[in-house]
Amino acid sequence: MIRKYTASAEASSRHPQDWGRAMAAALTELIEQRRDDGGDVSHEDLYGEDLNLVIGAIRGGVEITLSWVPEGEDQAPERDGFDI
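We now turn to the structure provided with this report. (Residues numbered from 1 in each chain as written. Predicted model: local features only at pLDDT ≥ 70, side-chain atom pairs only at ≥ 80, totals over all residues. Heavy atoms only, no water.)

A look at helix H1 (residues 20-36)
The first and last C-alpha atoms of H1 sit 24 Å apart over 17 residues, in line with the 24 Å expected at 1.5 Å per residue. Burial in H1 covers these residues: Ala 22, Ala 26, Leu 30, Ile 31, Gln 33 and Arg 34. In the segment just after H1, Gly 38 is the residue with positive phi, at about 95°. (Helix = DSSP H or I, 4+ residues; strand = E, 2+ residues; numbered from the N terminus. Expected span 1.5 Å × (residues − 1). Buried < 20%, exposed > 50% of the residue type's maximum accessible area, 1.4 Å probe, protein only.)

In structure tokens:
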């Protein structure tokens, strides 16, 4: 089963230099979701991973949304050497 994790957080500014806390909150939520699924992960497990970032305008700031499919889980399972 392919698992995709998505988390969002809001920043009260439209200036990118002010988005750090929202980015950190979304990253932390991704890790928590993975742990809730039984994964033994930490922030270091995100090193080298591809994350999808969406920045949406909201009143007075932005919403940061991060999505993550852990490496190795974006492949369909194999049976008897054939992709299914």
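From this point, the discussion proceeds with the structure in view.
Here's the deal with the sheet that holds strand S3 (residues 61-68)
Strands in a sheet are paired, the pairing made by backbone hydrogen bonds, and the direction either parallel or antiparallel. With antiparallel pairing, the 3 strands of this open sheet are ordered in space as S1-S3-S2. Looking at which strands have only one partner, the edges of the open sheet turn out to be strand S1 (5-11) and strand S2 (51-58). Within the sheet, the average angular offset between the axes of one strand and its neighbour, ignoring direction, is 20°. Relative to S3, S1 is paired through 7 bridges, and the arrangement is antiparallel. Looking across to S3, one finds that Ala 9 is bridged to Ile 64. Packed on one face of the sheet, H1 meets S1, S2 and S3 and runs near 155° to S1. (Pairing = 2+ DSSP bridges. Axes fitted to C-alpha atoms, helices over the stretch in contact; angles between N-to-C directions. Contact = heavy atoms within 4.5 Å.)

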